[in-house]
4 protein chains.
Amino acid sequence: MSKQKLHLAMIGSGFIGKVHSNAFRQVSHFFDVPYELQLRVICGRNRDKLQGAAAQWGWEEIETDWQAVTARKDIDAVDIAAPNALHAPIAIAAAEAGKIVLCEKPLALSLEEAKSMAQAVRRVPNLVWFNYRRLPAVAFAKQLIEEGRLGKIFHYRGLYLNQSGNDPTKASGWRYKRSVAGTGATGDLLSHLIDLALYLNGPITELNAMTHTFAPGRDVDDAALLSVRFANGSIGSFEVSRYGVGCQNRNTFEINGSKGMLRFTLDDMNRLDFFDATETPDLQGIRSIPTTGPNHPYWQNFWRPGHPIGYEHPFIATLADFLHAWARQEPFHVNFEDAVAVQRVLDAVERSATSRNWVRLGKDS
Amino acid sequence: MSKQKLHLAMIGSGFIGKVHSNAFRQVSHFFDVPYELQLRVICGRNRDKLQGAAAQWGWEEIETDWQAVTARKDIDAVDIAAPNALHAPIAIAAAEAGKIVLCEKPLALSLEEAKSMAQAVRRVPNLVWFNYRRLPAVAFAKQLIEEGRLGKIFHYRGLYLNQSGNDPTKASGWRYKRSVAGTGATGDLLSHLIDLALYLNGPITELNAMTHTFAPGRDVDDAALLSVRFANGSIGSFEVSRYGVGCQNRNTFEINGSKGMLRFTLDDMNRLDFFDATETPDLQGIRSIPTTGPNHPYWQNFWRPGHPIGYEHPFIATLADFLHAWARQEPFHVNFEDAVAVQRVLDAVERSATSRNWVRLGKDS
Amino acid sequence: MSKQKLHLAMIGSGFIGKVHSNAFRQVSHFFDVPYELQLRVICGRNRDKLQGAAAQWGWEEIETDWQAVTARKDIDAVDIAAPNALHAPIAIAAAEAGKIVLCEKPLALSLEEAKSMAQAVRRVPNLVWFNYRRLPAVAFAKQLIEEGRLGKIFHYRGLYLNQSGNDPTKASGWRYKRSVAGTGATGDLLSHLIDLALYLNGPITELNAMTHTFAPGRDVDDAALLSVRFANGSIGSFEVSRYGVGCQNRNTFEINGSKGMLRFTLDDMNRLDFFDATETPDLQGIRSIPTTGPNHPYWQNFWRPGHPIGYEHPFIATLADFLHAWARQEPFHVNFEDAVAVQRVLDAVERSATSRNWVRLGKDS
Amino acid sequence: MSKQKLHLAMIGSGFIGKVHSNAFRQVSHFFDVPYELQLRVICGRNRDKLQGAAAQWGWEEIETDWQAVTARKDIDAVDIAAPNALHAPIAIAAAEAGKIVLCEKPLALSLEEAKSMAQAVRRVPNLVWFNYRRLPAVAFAKQLIEEGRLGKIFHYRGLYLNQSGNDPTKASGWRYKRSVAGTGATGDLLSHLIDLALYLNGPITELNAMTHTFAPGRDVDDAALLSVRFANGSIGSFEVSRYGVGCQNRNTFEINGSKGMLRFTLDDMNRLDFFDATETPDLQGIRSIPTTGPNHPYWQNFWRPGHPIGYEHPFIATLADFLHAWARQEPFHVNFEDAVAVQRVLDAVERSATSRNWVRLGKDS
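All figures in this text were calculated on a predicted structure; none of them were measured in a lab.

**Quick word on helix α5 (residues 111–120) of chain B**
Counting along an α-helix, one turn takes 3.6 residues, and residues three or four places apart therefore face a common direction. Residues and elements named next belong to chain B. Restricting attention to buried positions, one finds in α5 the residues Leu111, Glu113, Ala114, Met117 and Ala118. Projected down its long axis, α5 shows its buried positions confined to an angular sector of 160°, all on one face. Looking at the buried positions of α5, the neighbouring elements they touch are α4 (87–96) and α10 (336–355).

**Structural notes on the sheet that holds strand β5 (residues 100–103) of chain C**
Residues and elements named next belong to chain C. One open sheet holds the six strands; their spatial order is β3-β2-β1-β4-β5-β6, and the pairing between them is parallel. Sheet topology places β3 (61–63) and β6 (126–128) at the edges, where each strand pairs with a single neighbour. When strand polarity is set aside, the average angle formed by the axes of neighbouring strands in this sheet is 25°. Bridge analysis of strand β4 (residues 77–80) against β5 gives four bridges, and the strand direction is parallel. For Ile80, the partnering residue across the bridge sits in β5 and is Cys103. Together, β1 (4–11), β2 (35–43), β5 and β6 form the strand contacts of helix α9 (residues 313–327), whose direction differs from that of β2 by roughly 120°.

**With respect to the interface of chain C and chain A**
Think of interface size as the accessible area that goes away when the parts come together; that is how it is often given. Contact residues are listed per partner, giving 43 residues for chain C and 43 residues for chain A. In this assembly, chain C packs against chain A so that about 3500 Å² is buried in total across both faces, 53% of it on carbon and sulfur atoms. The largest contributions to the chain C side of the interface with chain A come from Met210, Val245 and Arg356 of chain C, which together make up 18% of the buried area. Inspection of the region where chain C meets chain A yields six salt bridges. Glu206 of chain C is the partner of Arg356 of chain A in a salt bridge, and the nearest nitrogen-oxygen pair spans 2.6 Å. Summed over the shared surface of chain C and chain A, the number is 20 residue pairs in polar contact (both at pLDDT 80 or more).

**Digging into the interface of chain C and chain D**
Each partner contributes residues to the interface: chain C has 19 residues there, and chain D has 19 residues. Interface area, chain C with chain D, both sides summed: about 1400 Å², of which 53% is carbon and sulfur. When the area that chain C buries against chain D is broken down by residue, the three leading residues are Asp282, Leu283 and Arg287 of chain C, summing to 46%. Our count for the chain C to chain D interface comes out at eight residue pairs in polar contact (both at pLDDT 80 or more). When contributions to the side of chain C that touches chain D are tallied by element, the ones reaching two or more residues are α6 (136–146) and β14 (286–290) of chain C. Ranked by residue count, the leading element in the side of chain C that touches chain D is β14 of chain C, at five residues. Examined bridge by bridge, β14 of chain C and strand β14 (residues 286–290) of chain D share three bridges and lie antiparallel to one another. Each bridged residue has a counterpart across the sheet, and for Ile286 of chain C the counterpart in β14 of chain D is Ser288 of chain D.

**With respect to the packing of helix α1 (residues 15–30) of chain B against helix α1 (residues 15–30) of chain C**
One can describe the packing of α1 of chain B onto α1 of chain C by two numbers: an axis separation of 12 Å at closest approach and a directional angle of 155°. Relative to α1 of chain C, the element α1 of chain B is oriented roughly antiparallel. In terms of crossing hand, the pair formed by α1 of chain B and α1 of chain C is right-handed. On α1 of chain C, the residues touching Lys18, Asn22, Arg25, Gln26, His29 and Phe30 of chain B of α1 of chain B are Lys18, Asn22, Arg25, Gln26, His29 and Phe30 of chain C. Tallied by class, residues from the contact of α1 of chain B with α1 of chain C come to two nonpolar, six polar and four charged.

**Describing the state of the cysteines**
Simply put, disulfide is the name for a covalent bond between the sulfur atoms of two cysteines. Residues and elements named next belong to chain B. Summed over the entire model, instances satisfying the criterion amount to zero disulfides over all chains. Cys103 carries a free sulfur, and the closest cysteine sulfur to it, the one in Cys43, is 14 Å from it. For Cys103, a relative accessible area of 0% puts it in the buried group.

**What to know about the packing of helix α4 (residues 87–96) of chain A against helix α5 (residues 111–120) of chain A**
Residues and elements named next belong to chain A. At a minimum axis distance of 9 Å, the contact between α4 and α5 shows a crossing angle of 15°. Overall, the two elements α4 and α5 adopt an arrangement that is roughly parallel. Note that α4 runs across α5; the crossing there is left-handed. On α5, the residues touching His87, Ala88, Ala91, Ile92 and Ala95 of α4 are Glu113, Ser116, Met117 and Ala120. Taken together, the residues of the contact of α4 with α5 break down into six nonpolar, two polar and one charged.

Rules used in this analysis
- Residues numbered from 1 in each chain as written.
- Chains lettered and ligands numbered in written order.
- Predicted model: local features only at pLDDT ≥ 70, side-chain atom pairs only at ≥ 80, totals over all residues.
- Heavy atoms only, no water.
- Buried < 20%, exposed > 50% of the residue type's maximum accessible area, 1.4 Å probe, protein only.
- Helix = DSSP H or I, 4+ residues; strand = E, 2+ residues; numbered from the N terminus.
- Arc of directions from axis to C-beta.
- Contact = heavy atoms within 4.5 Å.
- Pairing = 2+ DSSP bridges.
- Axes fitted to C-alpha atoms, helices over the stretch in contact; angles between N-to-C directions.
- Buried area = accessible area lost by both parts, 1.4 Å probe.
- Salt bridge = Lys/Arg side-chain N within 4 Å of Asp/Glu carboxyl O.
- Polar contact = N/O pair within 3.5 Å; in protein donor to acceptor, adjacent residues only side chain to side chain.
- Parallel < 35°, antiparallel > 145°, perpendicular 65-115°, else oblique.
- Left-handed = near helix turned anticlockwise from the far one by under 90°.
- Nonpolar A, V, L, I, M, F, W, Y, C, P; charged D, E, K, R; others polar.
- Disulfide = S-S within 2.5 Å.

Now the structure itself:
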């Protein structure tokens, strides 16, 4: 049972790099993946920090020049966990060198950039780390929707709030600079909501957006409000903010349809709320379903029913699904093309907020 | 459509007297009751306070001698909202005078007293204000149990906590004196739990109890813990305390059966939690059912679905059911005999706590 | 202590008429109001229904011609609980006859109509039944905001969802016809959200709105989404729908400020959530405050701490505050002018939804 | 920075073996532990299953004879993840061979056995996997109690319910056989509650217990109810059941003291509820504190504030604390002596349930 080895390089050594390293280490413990991962090199700017991360997670080597990494012959896959502005140059260089490319979200600084990245990776296996799709609760929601349990969809509602913007200790990082981050709350938070909405409810056809920056002198948005229309006839509202005081990491969606309702919040990520409007009226109520099993997505991979998983597990499941899809030559999502669809919405948000007008979204807009 | 008049006297002018007065005033507004209530006389010790209450609620007269009240020919019904030690003398005098008798809980200071009261009222319509049975959520729970929705019952769990004992401003009232109150948390709080348990889960066959008094020098119990066996084979636990810091008025029960679970808390009294263990496993979850309708008990009497009722409404429903039962010559519950059954359990609690032994409960013990 | 009598007429005999009747009956039981209310005449179209309502609530007479009512000399105050299209003609006639005017929300079918009504009642005491301001939780939220507990406000978020539109048994009533209701979810639900937002967070300076009708052939809106800017620099989002399947009556707001957060939901109306961002970080969490006392608004009028009130109690408090204000010659809110401010926002919503543009709100727009 | 190697053997390959393997793999990723763990051999009865587990988690060798394992010279530490009946023979053999001993809970089949095990390991580093102490919420609760935030303790309340007994697919395992498991719900569930109670609230001085078996023919308890007195003057109630239908894994405690209340439930394990009774009355409410940071126990080891951890993380923290304590020659808890204290309570439970009497607990009983 000797598996093919997959030699990895990771560029980035911050928080999300830790999350990716964990996924690389853990994937074979929970999934029977068809490859044996080799953590060859971790790349970043600070040599001391790199040495610490390498020792902690077992990266064999450290490197401070990402171009040296993408040029190496002994690397099969490049994982991008660097600040947003580096996603495009690294992804394109890696793809041109024939590497598998994994990239943290949001994909790019702009729609144009995203498109060129997707073009660059079109011949190599590629992944974007929109991790929330693989939360058991979210994957189960998808299944219930596809079974028709919600009937005709009327409303989609997404909310993602944290309070980082109100915290003076955080507000100086790269996420608050347009040149490095591209956008603020929209790229950071709204991108997650949009990916889930496109996954669960299909394409958005038009939107109206407002963005706002609370901090004087900051050149990225702190908050955004959206009204949208979906191709399936439903309407949607989205709100994101880094000034949602009281919320450390509140990521929620709610979907109302003619036959029922689904509701999720990351604060309670091992559960999914379901309302069945076809039940006899006096027994109707929102039920809180623990999604740790039995029979929920990934329930046999992790723990037992009633034993919660944590923030990192959907990253592990994402990686496992990617490796399986690649081995079977099957399509994998979220790939760069899917992330372009998210970026197209973010781009429309920016245009609508600037023009103060509704913006239509076409497949090629 | 001229209805028979019913001339009422109420003895007591404290908080619960306000609640009863409200029920007398409101019952015809929400229920088509067969009598027209006349609020003739309110009786208490403090003339100023009585005048205020009479003006507020429309009692025609005030009186400071309860024996004068029970002796009056123009009174049809006597409602007892006085401290516990007065329940027996008033109820017996009123019954002997042929009055309808309504009495606040707990019925009596002792089982013996309760039995003599029940004996005294056996020929007159009588009611004990165990109000919680008429909460829509509780009445709906009863209905679901009778439909067999829980299957065979395994567990009954009752908890009633407040923090009054820890509040120096409250601890000097009559409820903290054995001579007036009989017991402490057991009569005040446990009596409610036991009435609901007997109603929802049937007779208790044996119990083991522990009581405790936290405040030095206080001669009533502040808290009690019970383990019980029910006649239906289930086991039960009960806990009450006036030192449940954090809880203003937390009255809960939970019932686990082979086919499902029910859970209620007074903190959220317009809802009932239900778990259906016969549902397909991946859709099982505790559902929170709003019990304001449609089709829930009393839903057409009060407001509309989704419009909550308050603390006072089950008192109104209790009175309405009593008046209807009387008019139809049908049995009404909770009557004095039912309250004797509660008192029998409270008596066993005291004996078990004193003897530190299990106590068996017979029908005639 | 003989009080001045106030002779009332009520026009309307539906659900909200029941709620008003209850307030008229109950106000003197919970508040020491300076007037004695006389329920003289209830007016509607269906004589049988009127007779039932009169018997139930003690209205002395019934009447089917509202113009006869407003013309009567023996009536001091006219309460309007009729469908929206009748608000203006009745209010104007009553005001011209010198009556006190109380009117259900939304005030009018249009901003123009609302202004003319406000003009008509300018010399008589007047009230609009925006009941939610007098929920203890809401009044307490106002108090905390005024104390500066939230600091600088960043976000206001209002949501009001029910599922009436998805219920075929309901969708034929007058609320679904433009000629009688004026609008759909906006007048019915959004008006409540806007009144609370103006009360708690001050004026709105501009907005962008989208409305949607799900039911074919229906000529009122079923849902609306708004993005707004407030004069205090905060931004707001509002969403209302009659297709919020899973929600019987979910009316919520959340306010995020630099020092804290407040959150309310009508599903749990005896509580207010508060987050104190000035607390030491490891003890920060959203606290659920029971607003039944001690020291909360109206807590001495109704029951005891931990004893919940119901849907009807804020109506009673509204009436009590109105009567007191009138007796003291003090301003009362919500009055017709306040309701014009709400209508101004509803008008802007309609204009924005039609034009698909942002609309600015001036004091005189 | 080359660390001392620690050569591990694990005996057992079921669910809990997976949890332990994960802890061995993950500990160095989240904690800077002073040893390098070598996963040398996994031992069990089923060779195929062992090979799978070894491949999955990287155990170098497999073995089916545990005595061969404890006899090996190249093993430093033996981890016991086997059924309860094997804990004593393995632990004693391993200790006699000078190995470090780690053992799953409950420690033993009986108090006598537990004492002999503690005696056997007294000279080697030892650990019992009572994992819940290292939940951040629990460790934070301990800290708040030690700071005096609860004042004088009145009540301790523990509840642990699952529904495994009502599930025919589960009821045939070794956990349902006295010869292998020793007890049923008491060893499985109550042991966890008691360990936490002793940790958070100190010694129990006497108890009264009732146990019950619902399934005909089963020779272990399915449920237990306890009333207890603690040395600190507080009273406690405990309830455990495998027939808690509706609950997959509900493990809760609540502590009421003169100054506040703490409440925890495993269903929401990244949070701790806290009520501060010293706060101004109108602002008092139960607050839900996310315990993922900042400044909560272990918050820097795992993810970021608002990013939940899962079931496995407290096992990792337990192992890390053990390794650090050993390296520093400091005491570690939970050790075998601590587990004897738990077993002493379980023993008293059995004696009380059999004798139907209160049982006193002495240090040497």
